[in-house]
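A look at the structure
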Amino acid sequence: MKPADSSPATIDRLAADTVIVREYLDRVGQPQVLDAAAEEQLLARIKTTMHANNARLVAHYYVDAKLQDLAESTGGFVGDSLEMARFGREVDADILLVAGVRFMGETAKILSPEKTVLMPTLEATCSLDIGCPIAEFARFCDAHPERKVVVYANTSAAVKAQADWVVTSSIAVDVVEHLMEAGEKIIWAPDRHLGSYIQKTTGADMLLWDSACIVHEEFKARGLLDMRKLYPDAAILAHPESPAAVLQIADVIGSTTQIIKAARNLPNKDIIVATDKGIFHKLQQVAPEKRFIIAPTAGNDATCRSCAHCPWMGMNSVQRLLDSLTAMSNEILVDSKLAERAMLPLQRMLDFAATNQLKVRGKA
Ligand code: SF4
């Protein structure tokens, strides 16, 4: 197993992630910033093209607000990865446009093999996916055949195909509790922070893979405590991919959808949020009277990743979406045998979610 600490190997991996993004941006350039008129024209073109092709857009909360609005105004959907997967399967469309990162496109294709799945770019990956290569992970699983393998949705199709269960952050604790009640021991991959949180919450016997989200890993507990002094009445909402010290301070810990629900329902006017700042668009929509504040990321050891925004999510743009749909490029294809095997743990997750009331956790 890879060591669960900030070892040189982990630091090298994170540096490698940054290089991948930098190289991509050098190659393709940053998404173009358009003036209002050009943007309106572009949106009109893509709406017409989507309609003509019976295409629907599913977008993650972390992508550009324009893509989120476009999805909702064209019969598509904005949500977390579990909801995106469900919607993509159920919607009556020939083409699914997935604005998010690669594993989301792959999951959409596995669940809807009859649909064409396109993405604005195929290079939008995820540090968790990169940090869990299949060959290494398969060896790890083979070394512990007595354990159930539970993997996060942020993994490749090959890693999913190796698993007994796939989970998202909205359902992970409930699934592990369910397995624990059945007397199972668990292998968890790839996010070590989410894994530790689940382990602590459930008391389950879990072996953890070592990978992390480069965005959430940057949230700083000390800065958060300082911020709480500035906003003493604020609620702190955190995604469980954040470090344990941050989760310890949080009033609510949950997936993106659970964070949005809590933000709407809590009485606090000020809300400090420890997750990708792309979510602020939806938060402001559901609770316009509240003030949302991004949790601090910059500290003495801050890096260029300390911006609370996923560089891979940031690769998605309306222009790239139109280019992909027009040229029918950036199609997601998954080997049919692999898809068949990966479908089993995905289906387990969807069935479990359909029959269980998922909980939001925290002190609030
Ligand atoms: S925010 Fe983190 S977990 Fe989400 S896609 Fe980006 S790197 Fe992966």
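Structure report, in brief. The model shown is predicted, which means the values in this text are computed figures rather than measured ones.

A count of helices and strands for the protein gives 16 helices and 13 strands. Out of the 364 residues in the protein, the part that is buried amounts to 49%. Contacts in the protein between residues far apart in sequence, at least 24 positions, make up 67% of those at least 6 positions apart.

This next bit is on the nonpolar core. By size, the foremost hydrophobic cluster in this structure holds 108 residues, and its most contacted members are Val150, Val167, Leu237 and Ala250. Apart from residues no more than four positions distant in its own chain, leucine 237 is found in contact with Ala250, Asp251, Val252, Ile259, Ala262, Ala263, Ile271, Val273 and Ala274.

Once that is clear, we can look at the pairing of strand S7 (residues 186-189). Of the two faces of S7, the one lined by Ile186 and Trp188 and the one lined by Ile187 and Ala189 are each fully buried. Sheet topology places strand S5 (residues 148-152) next to S7; four bridges connect them, and they run parallel. Each residue of the ladder has a partner; that of valine 150, found in S7, is tryptophan 188. This β-α-β element, S7 to helix H10 (residues 192-202) to strand S8 (residues 206-208), shows right-handed connectivity.

Pairing is parallel across the open sheet formed by four strands, whose spatial order is S2-S1-S3-S4. For this open sheet the edge positions go to strand S2 (77-79) and strand S4 (116-118), each flanked by a neighbour on one side alone. Strand-to-strand twist in this sheet, taken as the mean axis angle between neighbours without regard to direction, amounts to 20 degrees. As judged from the five bridges shared by strand S1 (residues 55-60) and strand S3 (residues 95-99), these two strands associate in the parallel manner. Along S3, the bridge assignment pairs leucine 57 with leucine 97.

Along helix H4 (residues 81-90), the residues that are buried comprise Ser81, Leu82, Glu83, Met84, Ala85 and Gly88. Check the buried side of H4 and you find it contacts S1, S2, S3, helix H5 (102-111), helix H13 (256-265) and helix H16 (336-355).

A regular strand places its side chains so that they alternate between the two faces of the sheet. With six of six residues buried, S1 lies mostly within the body of the structure. Side-chain alternation along S1 places Ala55, Leu57 and Ala59 on one buried face and Arg56, Val58 and His60 on a second face that is also buried. Alignment of S1 against S2, held across three bridges, turns out to be parallel. Each bridged residue has a counterpart across the sheet, and for alanine 59 the counterpart in S2 is valine 78. The β-α-β motif built from S1, the intervening helix H3 (residues 65-73) and the parallel element S2 has right-handed crossover chirality.

The subject of this paragraph is helix H15 (residues 318-327). The complete set of buried residues in H15 reads Val318, Arg320, Leu321 and Leu325. End-on view of H15: buried residues confined to an arc of 165 degrees, all on one side of the axis. Seen from the buried face of H15, the exposed residues on the opposite side, beyond 90 degrees, are Thr326 and Ala327. Among the structural elements, helix H2 (36-52), S1, H3, S3 and S4 are those in contact with the buried residues of H15. A positive backbone phi angle near 50 degrees is found at methionine 328, which sits one or two residues after H15.

Turning our attention to the environment of cysteine 141. Summarising the element assignment, cysteine 141 is placed in helix H7 (residues 134-142). On the basis of neighbour counts, which here come to 19 C-beta atoms within 10 Å, the residue cysteine 141 falls in the partly exposed class. Sequence-distant contacts of cysteine 141, defined by excluding residues within four places in its chain, comprise Val149, Gln162 and Ile187.

Bringing unusual backbone geometry into the picture now. Between alanine 189 and the following residue, proline 190, the backbone shows a cis peptide bond with an omega angle of -5 degrees. Even without being glycine, asparagine 54 reaches a positive phi, approximately 50 degrees. Positionally, asparagine 54 belongs in the loop between H2 and S1. Notably, asparagine 330 is not glycine yet its phi reads approximately 55 degrees, a positive angle. Structurally, asparagine 330 is set in the loop between H15 and H16.

This next bit is on the sheet that holds S8. The parallel open sheet is built from four strands, whose spatial order is S6-S5-S7-S8. The two strands at the open ends of the sheet, each matched to only one other strand, are strand S6 (165-167) and S8. Pairwise comparison of adjacent strand axes, ignoring direction, gives a mean angle of 25 degrees for this sheet.

The rules behind these values
Residues numbered from 1 in each chain as written. Predicted model: local features only at pLDDT ≥ 70, side-chain atom pairs only at ≥ 80, totals over all residues. Helix = DSSP H or I, 4+ residues; strand = E, 2+ residues; numbered from the N terminus. Buried ≥ 20, exposed ≤ 12 C-beta atoms within 10 Å, placed from the backbone. Contact = placed C-beta atoms within 7 Å. Core = buried A, V, L, I, M, F, W, Y, C linked by C-beta atoms within 7 Å. Pairing = 2+ DSSP bridges. Right-handed = clockwise from strand over helix to strand, strands pointing away. Axes fitted to C-alpha atoms, helices over the stretch in contact; angles between N-to-C directions. Arc of directions from axis to C-beta.

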